[in-house]
Amino acid sequence: MTQQSNTGALTEAVYYILLSLQVPRHGYGMMQFVQELSQGRVRLAPGTLYGALSSLVERGWIQALEGTARKKEYEITDAGREALKTELRRLEELVRHGHEWTKELDT
């Protein structure tokens, strides 16, 4: 399992998948969580979800739980938590700059 550092912005789907895995979940549980959290704005299609899961496992950001029942469950790794925190800081900076700039426009 290769661990990579966060090398850029996460897609919205990847961000929400990592966020959903603060507790172990199977694919359908992730889809439901993301849809509920985003108030229906973000809906992960199965192809999008399972493609992203494969990529996240390769990066070492999530891992499949051993010995789970019929449905495969995943959990976030320490590297995945760090990638999520890095993205959150990036997003906060964007919002802060947006607020600062729009204040300039209002004067």
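Procedures and definitions
Residues numbered from 1 in each chain as written. Predicted model: local features only at pLDDT ≥ 70, side-chain atom pairs only at ≥ 80, totals over all residues. Heavy atoms only, no water. Helix = DSSP H or I, 4+ residues; strand = E, 2+ residues; numbered from the N terminus. Buried < 20%, exposed > 50% of the residue type's maximum accessible area, 1.4 Å probe, protein only. Polar contact = N/O pair within 3.5 Å; in protein donor to acceptor, adjacent residues only side chain to side chain. Contact = heavy atoms within 4.5 Å. Axes fitted to C-alpha atoms, helices over the stretch in contact; angles between N-to-C directions. Parallel < 35°, antiparallel > 145°, perpendicular 65-115°, else oblique. Nonpolar A, V, L, I, M, F, W, Y, C, P; charged D, E, K, R; others polar.

Visitor: How would you summarise the side chain of serine 20 if you had to cite specific residues and measurements?
Guide: As for its position among the elements, serine 20 is in helix H1 (residues 12-20). Residue serine 20 is classed as buried on the basis of its relative accessible area, which comes to 0%. At 2.7 Å, the side chain of serine 20 forms a polar contact with the backbone oxygen of isoleucine 17. Residues within four places of serine 20 in sequence aside, it is in contact with Arg25, Met30, Phe33 and Val34.

Visitor: Outline unusual backbone geometry, supporting the account with residue identities and numerical values.
Guide: The backbone of glutamine 39 sits at a positive phi, close to 55 degrees, despite the residue not being glycine. Following the sequence through the fold, glutamine 39 ends up in the loop between helix H2 (27-37) and helix H3 (46-59). Taking relative accessible area as the criterion, glutamine 39 reaches 77% and is therefore assigned exposed.

Visitor: Summarise the packing of H1 against H2; cite the residues concerned and give the values.
Guide: Running from N to C, H1 and H2 point in directions that differ by 110 degrees, and their axes come no closer than 9 Å. Classified by the angle between their axes, H1 and H2 sit roughly perpendicular to one another. Note on element contacts: H2 touches H1 through Met30, Phe33, Val34 and Leu37, opposite Tyr16, Ile17, Leu19 and Ser20. The residue inventory of the contact of H1 with H2, partitioned by class, reads seven nonpolar, one polar and no charged.

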